[in-house]
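Tertiary structure, described
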Amino acid sequence: NLALTSGTSKMQDASTSKLEAARRWVFGATFINYAMAHWTRKCYTNVKVQLMAAGVSSYVLAAMDSSFMFTYAGGSFITGQLGDRFSPTFVVGIGLQPDV
């Protein structure tokens, strides 16, 4: 019985080690994915002067600002509810899928 317990313990240690390695890999991949998405984004508020110089009216820019902020606010309510119903990790994982 002692040999069986010792063998089971070794299997659990190996399984735990593999799980820990997988967790580190997933964390690293997620971090790199998020960092690249964040660093390469181009926020149109930073290029408004160039847009106005290209002939885009201030009315269109205001509409773009408003639509972005209302969409962002609405999305926050939706993802907040999803985060309450499901695991937040799952919700973030699903949200990162289009970036993969």
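For the structure itself, consult the block above.
These notes cover the structure that comes with them. Just so it is clear, the model here is predicted, and its values are computed rather than measured.

A few words now on the pattern of salt bridges. A full pass over the atoms with the stated rule returns 2 salt bridges. Of the charged contacts, one joins D65 and K48 as a salt bridge, the two residues approaching to 2.4 Å between their closest N and O atoms. Of this pair, D65 sits in helix 3 (residues 58–85) while K48 sits in helix 2 (residues 48–53), and the two are 17 residues apart along the sequence.

Before going further, it helps to spend a moment on a nonpolar patch on the surface. A contiguous nonpolar surface patch, about 640 Å² in accessible area, is contributed by F27, F31, I32, M36 and W39. Position of I32 relative to the elements: it lies in helix 1 (residues 2–39).

The next point concerns the packing of aromatic side chains. By the definition in use, this model includes 3 aromatic pairs. Ring geometry for F27 against F31: centres 6.5 Å apart, planes inclined by 20°, an arrangement best described as stacked. Here F27 pairs with F31, and both are found in helix 1, just 4 residues apart, close to one helical turn. Look at F86 and F90: their rings are 6.2 Å apart centre to centre, the planes differ by 55°, and that puts the pair in the tilted class. What makes F86 partly exposed here is its relative accessible area of 46%. Judged by relative accessible area, which is 49%, F90 ranks as partly exposed.

The rules behind each value
Residues numbered from 1 in each chain as written. Predicted model: local features only at pLDDT ≥ 70, side-chain atom pairs only at ≥ 80, totals over all residues. Heavy atoms only, no water. Salt bridge = Lys/Arg side-chain N within 4 Å of Asp/Glu carboxyl O. Helix = DSSP H or I, 4+ residues; strand = E, 2+ residues; numbered from the N terminus. Patch = residues over 30% accessible without salt bridge, like charges linked within 9 Å, V, L, I, M, F, W, Y side chains within 5 Å. Areas by Shrake-Rupley, 256 points an atom, 1.4 Å probe, with all protein chains shown as cover. Phe/Tyr/Trp six-rings, centres within 6.5 Å; stacked < 30°, edge-to-face > 60°. Buried < 20%, exposed > 50% of the residue type's maximum accessible area, 1.4 Å probe, protein only.

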